[in-house]
Structure formats: C-alpha cells, structure tokens
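Notes for the structure review
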Amino acid sequence: MKGFAMLEIGKVGWIEKDKPVAGPLDAIVRPLAIAPCTSDIHTVWSGAIGERHNMILGHEAVGEIVEVGSHVKDFKPGDKVIVPAITPDWGSLEAQSGYSQHSGGMLSGWKFSNFKDGVFAEYFHVNEADANLALLPEGIKPQDAVMLSDMVVTGFHGAEMADIRLGDSVVVIGIGPVGLMAVAGANLMGASHIYAVGSRPNCVKIAKEYGATEIINYKKGDIVEQVMSLTNGKGVDKVIIAGGNNDTFAQAITMLKPGGKIGNINYLGEGEFIKIPRVEWGVGMGHKQIVGGLTPGGRLKMEKLASLMVTGKLDTSKLVTHVFKGFEHIEEALMLMKDKPADLIKPVVICED
Ligand code: NDP
Ligand code: ZN
C-alpha cells in the first residue's frame, strides 16, 4: 500500500509498505477524511521527538473499517468511525491511574506518527478497536468530524487542565485551530472574559464566533501589558497556552492572578528549558499552577465530543478552510500546514467522494 511518510528529519515522501495486520483486539481502517497537524510539522522539520525513518505520518482521521480482529465486539467492516489521535493501551497501569495518554511510558498513548505508522496511508492499524474507535454519527460530515480526532479534544483539554470555572477570566494564547477550540471549550465551560491572542484576521474573526470577548495582537506590543491594561492591573484567573514559544510561559505566569492555573497544550518543539520568572511566580509561593498535557484519546472522549456536534453545541466546520479531494493531495495539505498562509486554519483531505 501507499503512504506519505517522514523519511528522516526534514524529509518527507511517498513510500510503499505492507498492509497492516489486525491482532485479535484491533481494526484495520481505510481513511475517508484526514488532516495534517502542526505536530507533524514539529515532528518532521524540528525533529522534536527525535529521528524517525520511513514512518507514515498523520494522526487525524475519520475512516471506514475494513477488517476487525476476532475479539472485537462492537465494530464490523463497513462501519464509519472517528479515529482519535491518541489510542492508549487501556489495560496499562498509566491508564488505570488516569493518564491513558502515557500508557506504556511518557507520551506512549500517542502511537500514530510517533511509535507506529500513521493515518496518511491507504490502510492503517488501530489497537484496541472497541476502546479507541467511535462510530461517526449520522448526519455529521467526515471533514467536520475529523476535527474531533485532535483539534477539538486538544483545545478542550487545555480548558480542562486550566480548570475553567463559571465566570473565570481566561487568556488563550494562540488561536490556530487548537487555540480556537480552547476558546470554544472555555466558552462552553462558562468563562466570562476570554482574551484571545493571535494576529491573523481570519483566526481573529473565528475566535470571536467561538466566544472570544477581547482580542490581543501579540505583534502589537507585549501581551502581558495588554492583558494587565484590559484587567485594570489584576490579571486573569486562567491561561491556556496553544501557541507561542518557550518564553510564553513567563508571560502566562506574569498575567495570572495568585492561585491561577495554566493549561499548556503547545508542543514545545525546540530548546532545552522553559523559564519561570521567580518574582512573578510569587517567589515560589504564588500558588500558580502549570499543567501541560498530551491530548486524551479513546472512544468515550470521542463519543462525548461528537455528541456536542450532534446537539448543535459545537460547529467545527469553521475550522476547515481548505478542502482537498483525493488522497494524493496530502502532501499539498501538509505543506500548507508548514507554511501557514494567512487564510489557513485547517486543511482536510477527503480521500474519496
Ligand atoms: P498554529 O500554528 O495554527 O497556531 C499557533 C497560534 O499561536 C497562532 O494563533 C499564532 O498567531 C500564535 N502565536 C505564534 N507566535 C506567538 C507568540 N510569540 N505569542 C503569542 N501567540 C503566538 O498551531 P495549531 O493551532 O495547529 O497548534 C498549536 C500547538 O498545539 C502546536 O504546537 C501543536 O503542535 C500543538 N498540539 C498539541 C497537542 C497536544 O496533545 N497537546 C495536539 C495537537 C497539537 P498568528 O495568528 O500570528 O498565526
Ligand atoms: Zn495533532
């Protein structure tokens, strides 16, 4: 079968591989809609998780099951499914302790395009199909549902880690597709002021539609000063980091009230350390918490998030700015994600009509 792969750090291309084989609990799926992620860019061009040879890329997919293992109970060939980016081993000790993302070791629930071939292939393998796949609800388009695999669940996880409470004031740093879903998640969880930090006009417009109440342009002055001025010097209750660089943490800590929380979902692709400013962190005693997490996966999460789409509480179609028809366009879509033209939020490739 054909797949689009990371050949080595900095190099991508089409390769031929054997069709994957399903174990007793697994499924083999063919993609209906797939999307490249900024994480694929960090992985290939920053070498952020180290060298990988001839590894098929991609971890965002909606697909059709072509084969299931002998022990799979709830799915059969022909079922259309949402495939989460993160597919944990649910029996692992890490999963039992509540951190399924790290089943088998740090970040090991993230298998596609990390520890095994990803979804940019004619067929891909899903471990523990009953626990990791969710049926695509009737009436939801694959190109909209593929936003659930990673963008929605990640943005919402930023809001969960920041522990948004009714009436909280929240800064969301970065309003690419992940940050936009953090805005939507914070809004659904009851935030009051949502200060969205970005610069591209298209993203700014959509951020307002998802619930941002104020926009901060990081290219037009220091974002800490802008937040402080908008909050009469008080700062905010919560910060979600969905973009920026290693210095963004210092800014987030500075703009946070004592007792505030930071939920980081940004993938730190470069550098050795992040800095915590001593005084702004209350000389170590400010009760300002930082949680950074890999997005959750699994069937239950996908089913719950899909139900927000079914009930009309979440519209992911605003994220999808570029739609390609035909599997062979995956390279173009990935390059768009790398180059980030001003009008791009998220490209999707529809594998067939
Ligand atoms: P984008 O590149 O589309 O968006 C990044 C955002 O950050 C843009 O709004 C950009 O603004 C803004 N930004 C850039 N530089 C700064 C700065 N110095 N200060 C403040 N804001 C800045 O990325 P995505 O939304 O696709 O992804 C966001 C991150 O989430 C990536 O690192 C990705 O790898 C990661 N990720 C993490 C996952 C997880 O499991 N935790 C899963 C999926 C993705 P502008 O408007 O100018 O472009
Ligand atoms: Zn991703």
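The structure reproduced in this document is the subject of the present report. (Residues numbered from 1 in each chain as written. Chains lettered and ligands numbered in written order. Predicted model: local features only at pLDDT ≥ 70, side-chain atom pairs only at ≥ 80, totals over all residues. Heavy atoms only, no water.)

Here we come to the nonpolar core. Counting residues in hydrophobic clusters, the biggest one holds 52 residues, and the most contacted among them are M147, M181 and I240. Among all residues touching I240, those that are not within four sequence positions of it are G158, A159, A162, I164, V170, V171, V172, I173, A182, A186, G263 and I265. With 38 residues, the next largest nonpolar core counts F75, A121, F324 and L334 among its residues. (Core = buried A, V, L, I, M, F, W, Y, C linked by side-chain atoms within 4.5 Å. Buried < 20%, exposed > 50% of the residue type's maximum accessible area, 1.4 Å probe, protein only. Contact = heavy atoms within 4.5 Å.)

A separate point is the pattern of salt bridges. Within the structure shown, the criterion is met by 14 salt bridges. Two residues, D74 and R299, come together in a salt bridge whose shortest N-O distance is 2.9 Å. In this pair, D74 is assigned in the loop between strand 5 (61–68) and strand 6 (80–83) and R299 in helix 10 (residues 299–310), connecting sequence segments 225 residues apart. E160 is paired through a salt bridge with K301; the nearest N and O atoms lie 2.8 Å apart. With E160 in helix 5 (residues 148–161) and K301 in helix 10, this pair connects stretches of sequence that are 141 residues apart. Several salt bridges converge on common partners, so that one network encompasses D74, R299 and E303. (Salt bridge = Lys/Arg side-chain N within 4 Å of Asp/Glu carboxyl O. Helix = DSSP H or I, 4+ residues; strand = E, 2+ residues; numbered from the N terminus.)

Here we have three strands laid out as an open sheet, ordered 2-1-4, and antiparallel in their pairing. Whereas interior strands pair on both sides, the edge strands pair on one side only; in this sheet they are strand 2 (11–16) and strand 4 (55–56). Bridge analysis of strand 1 (residues 2–8) against strand 2 gives six bridges, and the strand direction is antiparallel. Paired with E8 across the bridge in strand 2 is K11. Contacts between helix 1 (residues 38–45) and the sheet are confined to strand 1, strand 2 and strand 4, with strand 2 contributing the most and set at about 100 degrees to the helix. In this fold helix 11 (residues 330–339) packs onto strand 1 and strand 2, with an angle of close to 160 degrees to the strand it touches most, strand 2. (Pairing = 2+ DSSP bridges. Axes fitted to C-alpha atoms, helices over the stretch in contact; angles between N-to-C directions.)

Moving on to the side chain of K288. With respect to the helices and strands, the residue K288 is situated in the loop between strand 13 (256–264) and strand 14 (289–292). Nearest to the buried, unbridged K288 among oppositely charged side chains is E280, at 7.6 Å. Engagement of the side chain of K288 in a polar contact is seen with the backbone oxygen of I253, the distance being 2.8 Å. A distance of 2.8 Å separates the side chain of K288 from the backbone oxygen of E280, its partner in a polar contact. (Lys, Arg positive; Asp, Glu negative; His and termini not counted. Polar contact = N/O pair within 3.5 Å; in protein donor to acceptor, adjacent residues only side chain to side chain.)

All right, on to the pairing of strand 16 (residues 346–350) then. The side chains of a regular strand alternate between the sheet's two faces. Burial runs high along strand 16: five of the five residues are buried. Residue alternation in strand 16 divides its side chains into two sets, K346, V348 and I350 and P347 and V349, and both sets are buried. Taken together, the two bridges between strand 3 (residues 27–34) and strand 16 define a ladder with antiparallel strand orientation. Within strand 16, the residue paired with A33 across the bridge is I350. Looking at chain direction, strand 15 (residues 320–325) and strand 16 are connected through five bridges and run parallel. Following the sheet pairing, V323 is matched in strand 16 by V348. In terms of handedness, the path from strand 15 via helix 11 over to strand 16 forms a crossover that is right-handed. (Right-handed = clockwise from strand over helix to strand, strands pointing away.)

The next subject is the coordination of the zinc ion (ligand 2). Within the first shell, the zinc ion (ligand 2) binds the protein through C37 (SG), H59 (NE2) and D150 (OD), at distances of 1.7 to 2.2 Å. The class for C37 is buried, based on a relative accessible area of 4%. (Donors = N, O, S within 2.8 Å, 3.2 Å for Na, K, Ca; no water.)

Before going further, it helps to examine the pairing of strand 3. Here strand 3 lies mainly inside the structure; eight of its eight residues are buried. Pairing of strand 3 with strand 5, which is carried by seven bridges, proceeds in the antiparallel orientation. Note that in strand 5 the partner of A33 across the bridge is V62. Judged from the three bridges that link them, strand 3 and strand 7 (residues 124–126) form a sheet pairing that is antiparallel. Note on strand 7: the bridge partner recorded for A27 is V126.

Moving on, we come to the site of ligand 1. Around ligand 1, a shell composed of 30 residues is seen, among which T38, I175, S199, Y218 and N266 lie nearest. At 2.6 Å, a side-chain N or O of Y218 approaches an oxygen atom of ligand 1. Protein burial of ligand 1: of its 950 Å² of free accessible surface, 87% is covered by the chains. Counting only elements with at least two residues in the shell around ligand 1, the list comes to helix 1, helix 5 and helix 6 (177–188). When residues of the shell around ligand 1 are assigned to their parent elements, the largest contribution, three residues, is made by helix 1. Here the shell around ligand 1 is built from residues that sort into twelve nonpolar, 14 polar and four charged. (Near = heavy atom within 4 Å. Areas by Shrake-Rupley, 256 points an atom, 1.4 Å probe, with all protein chains shown as cover. Nonpolar A, V, L, I, M, F, W, Y, C, P; charged D, E, K, R; others polar.)

For the structure on display, the rule yields four aromatic pairs. Centroid distance F4 to W14: 5.1 Å. Interplanar angle 70 degrees. Geometry classified as edge-to-face. Taken together, the residues F4 in strand 1 and W14 in strand 2 connect sequence positions ten residues apart. Using a relative accessible area of 33% as the deciding quantity, one classes W14 as partly exposed. Ring centres of F112 and F124 lie 5.7 Å apart, and the angle between their planes is 90 degrees; this geometry places the pair in the edge-to-face category. Taken together, the positions of F112 in the loop between helix 2 (93–96) and strand 7 and F124 in strand 7 put the pair twelve residues apart, joining distant regions of the chain. Residue classification places F124 among the buried positions, given a relative accessible area of 1%. Members of the aromatic cluster, connected to one another through ring pairs, are F4, W14 and F327. Looking at K318, its charged tip hangs above the ring of Y210, at a distance of 6.0 Å from the centre. Over the ring of W45 we find K338; its NZ or CZ atom is 4.9 Å from the centre of that ring. (Phe/Tyr/Trp six-rings, centres within 6.5 Å; stacked < 30°, edge-to-face > 60°. Lys NZ or Arg CZ within 6 Å of the ring centre and 35° of its normal.)

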